[in-house]
Amino acid sequence: MTTKRIIPCLDVKNGETVKGVNFENLRYAGNPVDLAKKYSEEGADELVFLDITATNEGRKTTAKMVEKVAKQVFIPFTVGGGIKTVEDMKILLLAGADKIAINSAAVKNPDLINKAAEYFGSQCIVAAIDAKKLDDDYYVFINAGRINTGKRLKDWVYEVQMRGAGEILLTSMDADGTQNGFDIQMTKLAAQNSKIPVIASGGAGAYPEHFVEVFDKGFADAALAASIFHYNTLSIPELKSSLLKRGIDIRI
């Protein structure tokens, strides 16, 4: 049995951690450096840092902020937002990131995945996918959820792994920030069509059952959460202890 991972996410805008619902109505959630240190010390398995407005603002993720966060954590650290080139990735990896998440740029230029995987190795490249259900299928969105690419989730999941991505960070736009539970059907669809790990994101609430369900029924390899950790609804140690009692193989 593969050990499951719990991953806090820092959505950062203007140097502050924020969180919204369905990608809208953002509110302040804390200082990213302080939160990163807290989560690392509490036993998070990894940490994700996403500069959520970088792409729409036409700028790159701030390397100085990444460097500050990296100095506070001793766990794998993924960074995404506004990354368009291999050189952008190199700057962030040198600043302390362990993995790079690419979303909009990868959809617009799929060869970027190939180049990045060849240059840095697949283990460094995370395909971040924002998806939403339309009619009876799931579609990929870019630019912080503003643009429907017309790509079916199943097809894009297959393509990113064939191009060399080492992991998929899948966010359900419908479930994001609702705390009503992960999108099990979406996660299951991606996981069943992927030979690389899938991180489930969007919808985590203060119930360990949400995580049990996404691991057992959604076949996720890891679960990402933000609101419940930022606003102290549920701590990482509490969650992990509860999951262990429910038979989930988790690192304490």
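What you see is a predicted model, and the numbers here were worked out from it, not measured in a lab.

Colleague: So what exactly am I meant to see when it comes to the packing of aromatic side chains here?
Modeller: Think of a pair of aromatic rings as described by two things: how far the centres are apart, and how the planes are tilted against each other in angle. The final tally for this structure, using the stated rule, is four aromatic pairs. A ring pair is formed by Phe49 and Phe77, whose centres lie 6.3 Å apart and whose planes are at 90°; its orientation type is edge-to-face. Pair noted here: Phe49 is in strand β4 (residues 47-51) and Phe77 is in strand β5 (residues 77-80), with a separation of 28 residues, a long-range link. Phe49 sits in the buried class, given a relative accessible area of 1%.

Colleague: Would you take a moment to explain the pairing of strand β12 (residues 222-225) for this structure?
Modeller: The two faces of the sheet receive side chains in turn, since in a regular strand these alternate between them. Here β12 shows two buried faces, one formed by Ala222 and Leu224 and the other by Ala223 and Ala225. Of the strand pairs in this sheet, strand β1 (residues 5-13) and β12 are connected by four bridges, and their pairing is parallel. Looking across to β12, one finds that Ile6 is bridged to Ala223. Pairing between strand β11 (residues 198-201) and β12: three bridges, direction parallel. When the bridges of β12 are listed, Ile199 appears paired with Ala222.

Colleague: What am I meant to see in the pattern of salt bridges here?
Modeller: Once the charged atoms of two side chains with opposite charge are near each other, the side chains can pair. Under the criterion given, the structure shown has 14 salt bridges. One salt bridge connects Asp45 with Lys240, and the closest N-O pair in it is separated by 3.0 Å. Highlighted residues: Asp45 in the loop between α1 (32-42) and β4 and Lys240 in helix α10 (residues 236-245), separated in sequence by 195 residues. Accessibility assignment for this pair places Asp45 and Lys240 in one class, buried. In this structure, Lys90 and Glu87 form a salt bridge, with 3.7 Å as the shortest nitrogen-oxygen distance. Of this pair, Lys90 and Glu87 both sit in helix α3 (residues 86-94), separated by three residues, roughly a single helical turn. The class of Lys90 is partly exposed, set by a relative accessible area of 28%. What you see here is one network of salt bridges that share partners, running through Arg5, Glu46, Lys99 and Glu167.

About the thresholds
Residues numbered from 1 in each chain as written. Predicted model: local features only at pLDDT ≥ 70, side-chain atom pairs only at ≥ 80, totals over all residues. Heavy atoms only, no water. Phe/Tyr/Trp six-rings, centres within 6.5 Å; stacked < 30°, edge-to-face > 60°. Helix = DSSP H or I, 4+ residues; strand = E, 2+ residues; numbered from the N terminus. Buried < 20%, exposed > 50% of the residue type's maximum accessible area, 1.4 Å probe, protein only. Pairing = 2+ DSSP bridges. Salt bridge = Lys/Arg side-chain N within 4 Å of Asp/Glu carboxyl O.

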